[in-house]
Amino acid sequence: MVRSRWRQLRARILTWSFVPTVAILAAVAVLTFLSYEGKLEDEIEARNRERTYQAASRLREEVLKFSEPLVSLARTLAIYEDYPVGQRSALQDARRRLASFDGGVVLLDSRGQVMGAEPGRPEIFRQDWSDRLFFRRLLGGEGVVVSDALADGPQGSQVVVVAVPITSHRGDFLGALAGMFRLGEPTISAFYASLVRLRIGEQGTAILVDSSGQVIYHPEADQIGTQFEDPDLLGRVLAGQIDAYRDGERVVGIAPVPGTPWGLVTEDEWASLTSASRSYQRLLLGLLILGIVLPAVGFGFLAHERRREALDRARLEQQMRVARVIQQTLLPKSMPNLAGWRVTGHYQPAQAVGGDFYDYVRLDDGRLGLLIGDVTDKGVPAALVMATTRSLLRSTARGSGSPGQVLQQVNELLVREIPPKMFVTCLYAILDPKTGRLRFANAGHNLPYRTRNGARNGSGQAVELRATGMPLGLMSGMVYEEVETTIEPGECLVFYSDGLVEAHNSHREMFGNARLQAILSQGAAQCPTLIQRLLSELESFTGRGWQQEDDVTLLTLHRGTPEDCGPRDKAGSPGAGHWQILDHFSLPSEPGGEHHAIEKVSRAVEKLGLSPRQLDRLQTAVGEATMNAMEHGNEYRAELPVDIEVLCSSEAIAVRITDQGNGPPPGEPEEPDIEAKIAGLQSPRGWGTFLIKKMMDCVNVVQDETGHTVELVMLRAQQGKENAGAAP
């Protein structure tokens, strides 16, 4: 009886102790769930606040870039010292530089009267615009002024104005230049193209409003020009507040655009922002239920969730590896060899794979097509879109000699196939290596820079090459502007992706286009090393602990000069003249293979009328360079070929010998000393490189990720290297 009562008492104690235990566990689970919900909301709001602020800052930088041609024109002598007729003439002469202002450019005098416009608008001539707020602000001493929406465009259309002052050399106010962007025409406006390129609100909606509450930009074109619907929110953003908050099932971010009367509003769906954390919400809810019913089951469920998350991470990592393989497989294995030109590329993937790519296409008429692009989004979808876009561009480029038509055709194909909320920025250029003419079109990609050496200390200038066009895959019916220029000897073109200029350091500062342009200007004379310098500057800016946000892709195109081959080469060089390919062949890396190279090169040049002495010099140099490539570059591995290309111009012969070694390039040869070699003070090797230098008029050595290229150049004229006569 006593034992039975004890069992009953023990059962009651256990029962009643289980109830408060379950209640405590349930309370802990509820508090944890509520704490997690609050923390999640705070984190999402902070992230949206930061993203909206950065987008507004980047938009300000884009607006300042649009003002640059106006500032440059305002400083010309014809504008600030000439009479109105001369000023109007100067305005017409600059119409190509001002083409991005689709609403035109208006010239005002110091009293605010309209003195001219480009394109011409006789109906506003002599109108008094002194009451315009942007003119009064310029009159008050401001530099670059951005306006609200105004009905001052052609035929009274709505425009926004970017205005700069015209001042004398003493600083007196003489008038203003006002560039206008039309509202409601995103398919042709450079202003709207820059907004799209900023990628604001990729997961939701971005709205740009002016100080009167009028919508300047909206993803839905029919909303542009309407009044913003939320007056309280409008008042907060125009008062300069930077904030983000949850409003029901959406998250709203606000920030003023610095230096403008505009405000930026972003709206994202709460469900899309919390999709990545839903598994954790389900986990906490499960713990709440299981803490009430059976605590032991909760531990089992937690272990299951952890295992599932580990599998998800493993699956995601596998997808990243697949995407990286896709991306790196499609990048060029080697860069094209063009006489007098040097093409260099670099790709640095981010931790999360993106969709950057670059490529080149050899066209049937001897010209070369150059491609660089960037797909939005990351991971396998971006890599697949990159592969599709690259294939379409390559196949279309072979059938068309017009960059604009190539982009137009590829855009029509992509619009039907590309996933939602994805697009591709791309720049396609066609180079004629004989003349240096370059024709290009741009589908919303970062503007390339052209560097020119302007001083003996290596400094110079870097200028943007502008061509307008919307990114590929956004909408059909797009037309892409084509621009043609000539790359002069010594000049360099630098193409890049936004992973470079949009990199941030620990202080949340952006690398930016201004910094890039300054670096390119300082290193204008060192194009072959520009990529290494840019990567070094990027590392110095971000710091060693930098988490790379996006892929960094760089592509340079350099046209050589006669000075590239040294001061002796006054009659010709690899960078001068029109070059013809005489032969191009490959040899296995085997001992004695240099004899086959000498034989093939001799047959290729036998009709060029070389003297026996010249032919002997050429054969000796080719034999030594080929043996070095096979022995030291490819380590006599027969499966690694040595590529040899023979070219000629009216003035010179060039032989390019390329191995697949990855060691450092050979240094400057030590001049052999016979007595020192006999005494063992100098290496018995080293005669070959010394002979090559002595035999040829010019020797260039280039190294990239795939190997070394030695370029041997000999002048066809008899006044070539005189000291070769002493060579054996």
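Residues numbered from 1 in each chain as written. Predicted model: local features only at pLDDT ≥ 70, side-chain atom pairs only at ≥ 80, totals over all residues. Heavy atoms only, no water.

Engineer: Outline the pattern of salt bridges, listing residues and values.
Structural biologist: Summed over the entire model, instances satisfying the criterion amount to 27 salt bridges. Between Arg132 and Asp152 there is a salt bridge, with the nearest N and O atoms lying 2.8 Å from each other. On the criterion of sequence distance, the pair formed by Arg132 in the loop between strand E2 (114–118) and helix H4 (133–139) and Asp152 in the loop between strand E3 (145–146) and strand E4 (159–167) is long-range, its members being 20 residues apart. Judged by relative accessible area, Arg132 falls into the buried class, the value being 17%. You can call Asp152 buried: its relative accessible area is 10%. (Salt bridge = Lys/Arg side-chain N within 4 Å of Asp/Glu carboxyl O. Helix = DSSP H or I, 4+ residues; strand = E, 2+ residues; numbered from the N terminus. Buried < 20%, exposed > 50% of the residue type's maximum accessible area, 1.4 Å probe, protein only.)

Engineer: Talk me through the environment of Ser272; I want residue IDs and the actual numbers.
Structural biologist: Following the sequence through the fold, Ser272 ends up in helix H7 (residues 270–273). Residue class for Ser272 comes out partly exposed when judged on its relative accessible area of 30%. Sequence-wise, Ser272 and Gly204 are 68 residues apart; in three dimensions their C-alpha atoms are separated by 8.8 Å.

Engineer: Account for the packing of helix H10 (residues 379–397) against helix H11 (residues 403–417), with residues named and values stated.
Structural biologist: Running from amino to carboxyl end, H10 crosses H11 at an angle of 140 degrees, the nearest separation of the two axes being 10 Å. Looking at the two axes, H10 sits oblique to H11. In the packing of H10 onto H11, the handedness of the crossing is right-handed. Together, Thr389, Leu392, Leu393, Thr396 and Ala397 of H10 and Val406, Leu407, Gln409, Val410, Leu413 and Leu414 of H11 make up the contact between the two elements. (Axes fitted to C-alpha atoms, helices over the stretch in contact; angles between N-to-C directions. Parallel < 35°, antiparallel > 145°, perpendicular 65-115°, else oblique. Left-handed = near helix turned anticlockwise from the far one by under 90°. Contact = heavy atoms within 4.5 Å.)

Engineer: Would you mind going over the sheet that holds strand E19 (residues 482–486) in detail, with residue names and values included?
Structural biologist: Reading across from one edge, E13-E14-E15-E16-E19 is the order of the five strands in this open sheet, with antiparallel pairing throughout. Only two strands of the sheet have a single partner each, and these edge strands are strand E13 (355–362) and E19. With strand direction ignored, the average angle separating the axes of adjacent strands in the sheet is 15 degrees. Along the sheet face, H11 touches strand E15 (424–432), strand E16 (437–443) and E19 and points at about 25 degrees away from the line of E16. (Pairing = 2+ DSSP bridges.)

Engineer: If you had to explain the packing of aromatic side chains to someone new, which residues and values would you point to?
Structural biologist: One pass over the full model with this rule turns up five aromatic pairs. Ring centres of Phe101 and Phe181 lie 4.9 Å apart, and the angle between their planes is 35 degrees; on these two criteria the pair is classed as tilted. One end of the pair, Phe101, is in the loop between helix H3 (84–93) and strand E1 (105–109); the other, Phe181, is in strand E5 (residues 173–182), and 80 residues separate them in sequence. Judged by relative accessible area, which is 4%, Phe101 ranks as buried. Every member of this aromatic cluster is reached through a ring pair, and the members are Phe66, Phe101 and Phe181. A cation sits over an aromatic face here: Lys600 above Phe585, 5.3 Å from the ring centre. (Phe/Tyr/Trp six-rings, centres within 6.5 Å; stacked < 30°, edge-to-face > 60°. Lys NZ or Arg CZ within 6 Å of the ring centre and 35° of its normal.)

Engineer: Please set out unusual backbone geometry residue by residue, giving values where relevant.
Structural biologist: Omega for the bond connecting Glu118 with Pro119 falls within 30 degrees of zero, at 0 degrees, which places this linkage in the cis form. With respect to the helices, strands and loops of the structure, Pro119 is situated in the loop between E2 and H4. Although it is not a glycine, Arg126 adopts a positive phi angle of roughly 70 degrees. Tracing the backbone shows Arg126 in the loop between E2 and H4. Accessibility expressed as a relative area gives 44% for Arg126, which makes it partly exposed. The backbone of Lys421 sits at a positive phi, close to 60 degrees, despite the residue not being glycine. Positionally, Lys421 belongs in the loop between H11 and E15.

Engineer: Pulling in residues and values, what's your account of the sheet that holds E5?
Structural biologist: One open sheet holds the five strands; their spatial order is E2-E1-E5-E4-E3, and the pairing between them is antiparallel. If you trace the sheet from one side to the other, it starts and ends with E2 and E3, each paired once. One ladder, built from two bridges, connects E3 with E4; its direction is antiparallel. Its bridge partner being in E4, Val146 is matched across the sheet by Val162. Seen against the sheet, H3 touches E1, E2 and E5 and runs at an angle of roughly 20 degrees to E2.

Everything listed is a geometric property; what it means functionally is a separate question.
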